[in-house]
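The chain contents come next:
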Amino acid sequence: MLVVIRGAGDLATGIALRLHRAGYQIVMTDLPAPTSIRRTVCFSEAIRLGEMTVEDISARKAETPEEALTLAQSGVVAVLADPAGACIPTLRPGAVVDAILAKKNLGTALTDAPVVIGVGPGFTVGTDCHAAVETMRGHTLGRALYSGSPLRIPGLIGGRSGERVLRAPADGIFEPRMEIGQLVQEGEIAATVNGKPMRCTLTGCLRGLLQGGLQVHEGMKCGDIDPRGQQANCFTASDKATAIGGGVLEALLHFGCLPD
């Protein structure tokens, strides 16, 4: 069965890994110039690089919905530059998973597929999806919801929440000074924008960093630090991503969406 996943960032990629391993055919969509932070574990990198491997699964960029379908049927995760999900009527998937993580619905409709799953806040079961999956860290992380909406409160990593995120200090072109996986100290410069430094807010491991050359705006999320400082975690799907993927898999099976 074909599943279209809107979004191809780290959480969407965790979903794709679990569904692909369970036997589903996967087509993902994202921006033509992706803004994923945890690029080492994002299938969105296939749009930029042509192909991307995360753990043991390979993804490849497709130019058309037809090419994407052929790739998915061959066992490769297909990735389209299609932020609006315009491919969905052509592909006619058995399920659509909105994993854009915009904290609001950017256009996914209950009628997009026989089963529509919303990931994270911004979705209401019965209004714009058949099921939703909780993304907040804690007791309910990864839970499939068949009524109501996911929560909006940010979760903790290593006892830290919002301060993990590195944000652009100004409008302009993003210029990284560090690499993902690097151990950092609080106050060090991770990147600059228009000559203004984006400093590390914590001591730990730089888990995510936007690629250079992108136009950013002041306050935009451009990096992420894991205070636990485990470099290996930068190159595999997170506990959060795999838990959410499990919730999506449960919801698909709940509605009788079986892999071929």
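Further up the page is the structure itself.
As a starting point, this report considers the structure included with it. Because the structure is a prediction, the values reported are computed rather than measured.

**Concerning the overall build of the chain**
At step 1: Along its length, the chain carries five helices and 17 strands.
At step 2: For 260 residues, the compact-globule formula gives about 18 Å, and the C-alpha radius of gyration of the chain, at 18 Å, lands near that figure.
At step 3: Projected onto its principal axes, the C-alpha coordinates of the chain cover approximately 50 × 40 × 30 Å.
At step 4: Scored against the burial criterion, the 260 residues of the chain give a buried share of 52%.
At step 5: For the chain, contacts bridging at least 24 residues in sequence account for 55% of all contacts bridging at least 6.
At step 6: Roughly 11000 Å² of accessible area belongs to the chain as shown, and the carbon and sulfur atoms make up 51% of that amount.
At step 7: Computing the positive centroid from 24 side-chain charges and the negative centroid from 26, the chain places the two 5 Å apart.

**A few points about helix α3 (residues 65–73)**
At step 1: Within α3 the residues assigned to the buried category are A68, L71 and A72. Down the axis of α3, the sector holding all buried residues measures 100 degrees, keeping them to one side. Across from the buried face of α3, at angles greater than 90 degrees, the exposed residues are T70 and Q73.
At step 2: Residues of α3 that are buried in the fold lie against β1 (2–6), β2 (25–30), β4 (57–62) and β5 (77–81).
At step 3: Phi turns positive one or two residues past the end of α3, at G75, with a value near 100 degrees.

**A short note on the sheet that holds strand β17 (residues 221–226)**
At step 1: Pairing in this open sheet of four strands is antiparallel, and the strands run β10-β17-β15-β12 from one edge to the other. Strand pairing shows two members of the sheet lacking a second neighbour, β10 (165–167) and β12 (183–184), which therefore form its edges.
At step 2: When β10 meets β17, the two strands line up antiparallel, connected through three bridges. Within β17, the position partnered with V165 by the bridge is D224.

**Let's talk about the sheet that holds strand β14 (residues 196–199)**
At step 1: One open sheet accounts for four strands, arranged β14-β13-β11-β16; its pairing is antiparallel. If you trace the sheet from one side to the other, it starts and ends with β14 and β16 (215–216), each paired once.
At step 2: For strand β13 (residues 189–193) and β14, the ladder comprises four bridges, and the chain directions are antiparallel. Within β14, the position partnered with V193 by the bridge is K196.

**Notes on the environment of L91**
At step 1: Within the fold, L91 resides in helix α4 (residues 88–91).
At step 2: For L91, a relative accessible area of 8% puts it in the buried group.
At step 3: Separated by 87 residues in sequence, L91 and V4 place their C-alpha atoms 8.5 Å apart.

**Some thoughts on unusual backbone geometry**
At step 1: Although it is not a glycine, R92 sits at a positive phi angle of roughly 50 degrees.
At step 2: Within the secondary structure layout, R92 lies in the loop between α4 and β6 (95–98).
At step 3: By relative accessible area, R92 is classed as exposed at 72%.
At step 4: We note that K103 has phi near 65 degrees; this positive angle belongs to a residue other than glycine.
At step 5: Looking at where K103 falls in the secondary structure, it is placed in the loop between β6 and β7 (115–119).
At step 6: When its relative accessible area of 57% is taken as the criterion, K103 is described as exposed.

What counts and how
- Residues numbered from 1 in each chain as written.
- Predicted model: local features only at pLDDT ≥ 70, side-chain atom pairs only at ≥ 80, totals over all residues.
- Heavy atoms only, no water.
- Helix = DSSP H or I, 4+ residues; strand = E, 2+ residues; numbered from the N terminus.
- Rg over C-alpha atoms; globule rule 2.2 N^0.38 Å.
- Buried < 20%, exposed > 50% of the residue type's maximum accessible area, 1.4 Å probe, protein only.
- Contact = heavy atoms within 4.5 Å.
- Areas by Shrake-Rupley, 256 points an atom, 1.4 Å probe, with all protein chains shown as cover.
- Lys, Arg positive; Asp, Glu negative; His and termini not counted.
- Charge placed at Lys NZ, Arg CZ, Asp CG, Glu CD.
- Arc of directions from axis to C-beta.
- Pairing = 2+ DSSP bridges.

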